[in-house]
Amino acid sequence: MRPASLAVLTVSLSLVAVALGVIAVRVLSGDSPAENTAFALATATPQDTPTTEALASPTPTPGISGPTGTAAGPAEHEGARALAIVQELAKEPRVSGTAGEVRAAEYISGLFRSYGYTTELMQFEFDGDRFRAGEVSLAGRAIEALTLAGSPGGKVQGTAVYVGLADTAGIAGKDLEGKVAVADRGTLNFVDKYGNVKDAGAIGLVLVNNRPGPFSGNLTTLAAFPVVSVSQEDGAAVLEAAKAGQPIAIDAPSTAGLTKALNVIAKPSGSSECKILVGGHFDSVPSAPGANDNASGTANVLELARAAAADGLDDGLCFAAFGAEESGLYGSKALVTRMQAEGALPRFMVNLDVTGIGKGVEVIGEGQLARDAIARAAAIGIPAVASQLPANSGSDHQSFNDAGVPTVFFTSGDFSTIHSPQDVSADISEAMLDQVGDVALAQVEQRHLERRDRL
């Protein structure tokens with residue numbers, strides 16, 4: 001999922017943990033809580049679970065491919081099958097524009113095709129990649145840093161100065177003229193931190209994460225000098241250097257320029273339009289296996305596709321795995337744009353994001369779809385509660401909402417490890433995957449039956 005700031009509300013969602021609480025969000029665009037900013041059974045045959053080892057090509061081949069098999073197993077969601085897919089996808093990060101993303105897309109496409117679907121690897125481009133790595137250098141050591149969106153590329157060097165949260169108190173009494181500011185992440189939006197140190201004369205800014213792992217984000221402005229982020233672990237050395245007034249250098253790549261990424265679309269063969277679309281993003285952030293965020297949601301999308309196909313493919317019921325959600329919902333927006341141009345938007349969209357850890361099923365959405373989902377959950381004996389995203393956050397359902405398509409979003413509500421190296425498949429609950437999947441399937445089946453009754 002992806003976090004967002006007020007200025008980029010329509011571009012993102014990651015569900016991301018924040019200090020003193022957990023909020024649902026996707027690529028980080030700010031620091032304040034208001035805008036902070038994913039098995040085959042043991043008896044399954046090998047073709048049920050293609051492995052990434054067999055998908056080594058880093059070069060994607062966009063286009064449409066026909067089915068390679070038919071769905072095996074019962075016409076119901078099975079958490080064990082979904083868990084096996086999570087375990088496969090979470091073997092490596094799946095950052096947009098990387099070979100890991102391509103391997104994951106091909107793996108996902110292969111599974112859809114093995115269930116009997118025709119798939120498309122849909123390539124799209126987006127500008128402002130938040131995951132381009134540069135370096136922060138100090139005392140002969142080079143530390144990986146991520147360039148924030150809106151930061152120019154370039155190299156700067158100077159004395160490091162620690163400015164706390166880069167608020168008034170942190171900057172007070174500090175000489176920043178011609179120097180590199182080093183700030184803690186937290187409290188203020190990134191753009192405010194940048195503006196404060198710029199006004200004080202700084203020539204660069206390094207943001208140190210306040211929780212384990214790396215992070216990136218969006219300045220929501222075009223900066224005059226490089227602004228980068230470093231992980232909490234590596235940031236300890238940066239903070240020490242800044243507090244001692246030691247020299248520091250930033251080498252930041254530009255985030256401008258187009259990045260190519262992929263969606264995977266699955267349709268019943270011969271189906272011309274998608275009346276119902278079930279989807280979730282499959283990309284992750286750097287250095288994160290992305291098991292809960294969002295291999296879990298992707299695995300549930302795939303398992304729902306298998307279950308739906310097990311008793312025959314339903315015309316108009318389509319599935320999607322979106323790329324570049326972490327970078328700004330770009331994959332879902334690209335698909336919505338194309339569907340709008342074709343006059344073929346779905347009647348409704350089901351989104352699954354962060355579905356593998358939690359205490360129960362949470363339903364996010366407004367209107368009848370969400371109310372129906374909670375009622376359907378109760379009918380099959382699974383408790384589900386209405387929930388909502390915090391202010392200024394979103395996920396791929398938002399791209400469809402913005403186009404006027406009704407949506408419902410299923411999550412399991414625990415975002416404590418997302419966007420970190422701790423987001424591993426060992427923590428994913430088979431039972432939680434199954435509960436979310438069962439409720440989503442009940443919702444899709446009910447609405448699909450209602451549609452067929454009207455025809």
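Read on for a plain summary of the structure. (Residues numbered from 1 in each chain as written. Predicted model: local features only at pLDDT ≥ 70, side-chain atom pairs only at ≥ 80, totals over all residues. Heavy atoms only, no water.)

A closer look at unusual backbone geometry
Rule in force here: By definition, any uninterrupted DSSP run of H or I lasting at least four residues is a helix, any uninterrupted run of E lasting at least two residues is a strand, and each is numbered from the N terminus.
Residue N294 is reached from D293 by a cis peptide bond, and omega for that bond is 5°. Looking at the element boundaries, N294 is found in helix α6 (residues 291-310). With a phi close to 60°, A166 is a non-glycine residue in the positive phi region. Relative to the assigned elements, A166 resides in the loop between β8 (154-162) and α3 (168-171). You will see that V354, though not glycine, has its phi angle at about 60°, which is positive. Tracing the chain through its elements places V354 in the loop between β16 (348-352) and β17 (358-364).

Topic: the packing of helix α1 (residues 79-89) against helix α2 (residues 99-114)
Geometry of a packed helix pair, given as the angle between the helix axes and the separation of the axes. The line we're drawing: As a rule, the C-alpha atoms of each element are fitted with a line to give its axis, helices using only the stretch in contact, and angles between N-to-C directions run from 0 to 180 degrees. Small angles under 35 degrees read as roughly parallel and large ones over 145 as roughly antiparallel, with 65 to 115 read as roughly perpendicular and the rest as oblique. Less than a right angle of anticlockwise turn of the near helix away from the far helix marks a crossing as left-handed, whereas a clockwise turn marks it as right-handed. By the convention used here, residues are in contact when the closest approach between their heavy atoms is within 4.5 Å. We call Asp, Glu, Lys and Arg charged. Ala, Val, Leu, Ile, Met, Phe, Trp, Tyr, Cys and Pro are nonpolar, and the rest, Gly among them, are polar.
Running from N to C, α1 and α2 cross one another at 155°; their axes reach a closest spacing of 11 Å. In terms of their interaxial angle, α1 and α2 are classed as roughly antiparallel. Of the two elements, α1 crosses α2, and the hand of that crossing is right-handed. The residues of α2 that touch α1, namely those facing I85, E88 and L89, are A104, Y107, I108 and L111. Split by residue class, the contact of α1 with α2 holds six nonpolar, no polar and one charged.

A few points about the environment of Y162
Inclusion rule: Burial status follows relative accessibility: with a 1.4 Å probe on protein chains alone, a residue under 20% of its type maximum counts as buried, one over 50% as exposed, and anything between as partly exposed. Residues adjacent in sequence count toward polar contacts only when both atoms are side-chain atoms; beyond that, a polar contact is any pair of N or O atoms within 3.5 Å, and within protein one must be able to donate a hydrogen and the other to accept it.
Counting through the fold element by element, Y162 comes out in strand β8. Of the residues examined, Y162 reaches a relative accessible area of 22% and is grouped as partly exposed. Remark: the alpha-carbon pair of Y162 and V180, spanning 18 residues in sequence, is separated by 8.7 Å. A distance of 2.4 Å separates polar atoms of two side chains, one belonging to Y162 and the other to D184.

A few points about the sheet that holds strand β11 (residues 227-230)
Here is the rule we go by: Strand pairing is defined by DSSP finding a minimum of two bridges between the two strands.
One closed barrel accounts for seven strands, arranged β6-β7-β11-β10-β9-β8-β12; its pairing is mixed. Averaged over all pairs of adjacent strands, the angle between their axes in this sheet comes to 35°, without regard to strand direction. Sheet strands in contact with helix α4 (residues 190-199) are β9 (180-184), β10 (204-208) and β11, and its direction is about 140° off that of β10. In the packing of helix α5 (residues 232-243) onto the sheet, contacts are made with β6 (133-138), β7 (141-147), β8, β9, β10, β11 and β12 (247-252), and the angle to β8 comes to roughly 70°.

Section: the pairing of strand β18 (residues 384-387)
Filter applied, for reference: A crossover counts as right-handed when, viewed with the strands pointing away from the observer, the path leading from the first strand over the helix to the second turns clockwise.
Pairing geometry for β17 and β18, over four bridges, is parallel. Bridge assignment links V361 to a residue of β18, and that residue is A384. In terms of handedness, the path from β17 via helix α8 (residues 368-379) over to β18 forms a crossover that is right-handed.

Thoughts on the pairing of strand β5 (residues 117-127)
Pairing of strand β4 (residues 63-65) with β5 involves three bridges; the strand directions are antiparallel. Considered in β5, the bridge of G63 is made with L121. Pairing analysis gives eleven bridges linking β5 to strand β13 (residues 258-268), with the strands arranged antiparallel. Bridge pairing in β13 links E120 to I265.

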